[in-house]
Amino acid sequence: MEKKQIGIIGAGISGLLACKYMLSKGFDPIVFEAKSDVGGVWIKTIASTKLQTPKTMYQFSDFPWPSSVTENLPAQHKVFDYIQSYAQHFDLIKHIRFNTKVVGIEYEGLSDEEIQSYSLWNGNGQPFNFKGKWKVVVDNIENNSTKVHKVDFVILCVGRFCDVPNIPEFPPKKGPEAFHGKVIHSMDYAAMDYESAANFVKGKQVIVVGFHKSAIDIAMECSEANGLKNPCTVLYKTEQWNVPANLPWRLPLTCLCLNRFSELLVHKPGEGFLLSLLATMLSPLRWTFSKFVEIQINKMHRLAKYGMVPKHDFSQQISSCSLATVPEKFYDRVEEGSIILKKSQSFSFFEEGILVDGEPTGTTTPLKTDVVILATGFRGDQKLRDIFVSQVFQDYKQGSSDETFPLYREIVHPRIPQLAVIGFSESFSNLHTSEMKCQWLAELLDGTFKLPSIKEMENDMVELDEYLKRSSGQHYRRSCIALYIWYHDQLCKDMGWNPKRKKGFFAELFEPYGPLDYVSPSRSN
C-alpha cells in the first residue's frame, strides 16, 4: 500500500515535531522551509534573546537538554543548537526541502459547496478522503522556479511571530512617511547581525514602541549602547506583570501555576457540579495567590515607584498567555535614566519624531528622535489566511477577533478537510504543547480515534471561547491555552492515554507537570 504523503509547511520546532511523529506512524512527510536552516524564529534573534520559559519546561519529551547547558534560561544560540541536534538525532533533515517558499495551497477533488454541506470532518469522519488532495505550490528561492506538489494531508507550521509585521495604522500624512528619521520593525532589527544592530542605534535617540519581550530586549540593548547620553524611550499602552525568572526564595512560577492543584482553583469548560463547587470554594485562595505574586513582582521591580503597577490581576495575564520574563537590571536602567518609560494610547509621526497623546490630560507631546523601532508584534492571522487559495477557507478567519482561526483542540478546523495547524496557539510551554498536538495528530491520522461531528466540535470551540473571555477579560486572546494541564488531559483522553502521569496522590496534585511526564504514555483500558 502506498504511503500517504503529508505536506508540512515550516521547519521550525512545530514542523520538526510534525515530521518526526508522522514518520513514527509510517507516513511520508515532505517539509517545505523557506529558509536555509531549521529552527524557525530561533535561527536569528535579537542578540540578548533568551528563553522565556525554564528549559525544563521547554524541551522535547524524548530528547532532554544536554548536561552542558546549565542555565535555566539559555541564550538564543544554545536553543538553536538544541533544535538542530534534535533534527539531526532523529534524521529529519533529509525530509526537508530548504529554500522552498509555499505561495499557496488549494484543496482539489471536491467543491466548496460539497465541503460546506458535510456533517462530519472530511465528509466521512476520517482523516483522509480518497476524492480530495491538497495542491501545494512552492517557489524555489535559489533558482526562481515554481513547482506543484500533491499531498494527502497538510500541516501548517508557519508560526505566528515572524514574516508579516503588525504595523499600526496612522491618519493620512501622519505615518512613518512624515518622519525624516528611520522607522523599522523589530523583525528588521533582529535580522541584522549583532554588530550592525549595535551600530544602528549607537549615538542616536531611539524610541521603542511596545512593552512585550522584543521591546524590552531592544530597549536594554539601546541603553547599553548609549547610556545616559541618549536615553532610550519605551512607548507603551498598558502596564504588564513582567515576571522575574524566580520569585523570592528562588521559587519557580511553575510550582505555583503548573500543577493540578492550581487548576482546581479555576473553573474549566465542561466541568461537573463538584468541580465547579470546588473551584468556587477555592477562589479566595486563587485571589491570594495572585496577590502574592503581584506583591512580589511589585517589590522586586519597584513598579509603584515608576507608575508601572498594572490595573489588571496577575491571574488575568496568565489566562491570556501574555507573561514575559523581564531582563535582569531592566528597572535599574529605568532608575538611572538610560531607559525612559512613557505611556500613551496612540501616537503619530512628524518630521522630527513622534507626537504622543499623553495621559491623563490628553495633550499631545512631541518627542524628537532619530530612530523609531516598532516592537508591535506580527500579523500571524494574515499569513495563515493568505496561504489558502480558496476564498471560502480564507473567510473562516472572518468574525474571529483573535489572531488565528478558531480550531478544535487548537489543531483542526471542522470545515477545512485534511488539514491541521500546529504552533499558532500559545501556552506556558509552546514547544511541549506543539509536541502534544503532533502526538495527537499522528494518532488521529493513524486511526486511533475519530473526531466528533462538526456540530459537536463547533459547540466545544464556542464553550472554550466563552471561558477564555470570562477568565482573561480585556486581555482575551482566542489562541491562548491557559489551562495547561487540563488541555493536555483532553488530548490524552482522545488518544486513549492515561492523563494522570505522576506516581502517587501528592505528586499528582502538587508537582509541576512538564514534557518529561509524557515521555512514555501509558495506555488506559
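Residues numbered from 1 in each chain as written. Predicted model: local features only at pLDDT ≥ 70, side-chain atom pairs only at ≥ 80, totals over all residues. Heavy atoms only, no water.

An unreviewed UniProt entry annotates the chain as Flavin-containing monooxygenase of Acer negundo. Quoted verbatim from the Cofactor (unreviewed entry) field of UniProt, the annotation for the chain is "FAD". Quoted verbatim from the Sequence similarities (unreviewed entry) heading of the UniProt record, the comment on the chain is "Belongs to the FMO family." (UniProt positions renumbered as here; feature names shortened; annotations may be inferred.)

1. Thoughts on a nonpolar patch on the surface
A cluster of nonpolar side chains, Phe-273, Leu-274, Leu-277 and Met-281, forms an exposed patch at the surface whose accessible area comes to about 490 Å². Tracing the backbone shows Leu-274 in helix 9 (residues 273-301). (Patch = residues over 30% accessible without salt bridge, like charges linked within 9 Å, V, L, I, M, F, W, Y side chains within 5 Å. Areas by Shrake-Rupley, 256 points an atom, 1.4 Å probe, with all protein chains shown as cover. Salt bridge = Lys/Arg side-chain N within 4 Å of Asp/Glu carboxyl O. Helix = DSSP H or I, 4+ residues; strand = E, 2+ residues; numbered from the N terminus.)

2. What about the packing of aromatic side chains?
Enumeration over the complete set of coordinates arrives at 29 aromatic pairs. Between Phe-128 and Phe-153 the ring centres are 6.1 Å apart and the planes differ by 75 degrees, which places this aromatic pair in the edge-to-face class. Of this pair, Phe-128 sits in the loop between helix 3 (112-116) and strand 5 (133-140) while Phe-153 sits in strand 7 (residues 153-156), and the two are 25 residues apart along the sequence. For the pair Phe-128 and Phe-153, one class covers both residues: buried. Judged by centre distance (6.0 Å) and plane angle (50 degrees), the rings of Tyr-513 and Tyr-518 are tilted. Neither residue differs from the other here; Tyr-513 and Tyr-518 are each classed as buried. Each member of the aromatic cluster is reached from another via a ring pair, and the members are Phe-60, Phe-63, Trp-65, Tyr-82, Tyr-86 and Phe-90. One cation-aromatic arrangement involves Lys-4 over Phe-128; the distance from NZ or CZ to the ring centre is 5.2 Å. (Phe/Tyr/Trp six-rings, centres within 6.5 Å; stacked < 30°, edge-to-face > 60°. Buried < 20%, exposed > 50% of the residue type's maximum accessible area, 1.4 Å probe, protein only. Lys NZ or Arg CZ within 6 Å of the ring centre and 35° of its normal.)

3. Some remarks on the pairing of strand 13 (residues 353-357)
Where strand 12 (residues 347-350) lies against strand 13, four bridges are found, and the strand directions are antiparallel. Among the inter-strand pairings, Phe-350 is bridged to a residue of strand 13, identified as Gly-353. As consecutive antiparallel partners, strand 12 and strand 13 are separated by two residues. Across five bridges, the pairing between strand 13 and strand 14 (residues 364-368) is antiparallel. Paired with Val-356 across the bridge in strand 14 is Thr-365. (Pairing = 2+ DSSP bridges.)

4. A word on the sheet that holds strand 6 (residues 145-151)
Here we have three strands laid out as an open sheet, ordered 4-5-6, and antiparallel in their pairing. Both edges of this open sheet fall to strand 4 (100-108) and strand 6, since each of them pairs with a single strand only. Averaged over all adjacent pairs, the angle separating strand axes in this sheet is 20 degrees, with direction ignored. (Axes fitted to C-alpha atoms, helices over the stretch in contact; angles between N-to-C directions.)

5. A short note on helix 2 (residues 76-89)
End to end, helix 2 covers 20 Å across 14 residues, agreeing with the expected 20 Å (1.5 Å per residue, within 8%). Every buried residue of helix 2 is listed here: Gln-76, Val-79, Phe-80, Tyr-82, Ile-83, Gln-84, Tyr-86 and Ala-87. Considering only its buried residues, helix 2 is in contact with helix 1 (13-24) and helix 5 (194-201). Phi for Asp-91, located one or two positions after helix 2, is positive at around 55 degrees. (Expected span 1.5 Å × (residues − 1). Contact = heavy atoms within 4.5 Å.)

6. Focus on the packing of helix 1 against helix 14 (residues 430-445)
Running from N to C, helix 1 and helix 14 point in directions that differ by 30 degrees, and their axes come no closer than 9 Å. The two elements helix 1 and helix 14 meet at a crossing, and its hand is right-handed. Where helix 1 abuts helix 14, its residues Ile-13, Ser-14, Leu-17, Ala-18, Tyr-21 and Met-22 lie against Leu-431, Ser-434, Glu-435, Cys-438, Gln-439, Leu-441, Ala-442 and Leu-445. (Left-handed = near helix turned anticlockwise from the far one by under 90°.)

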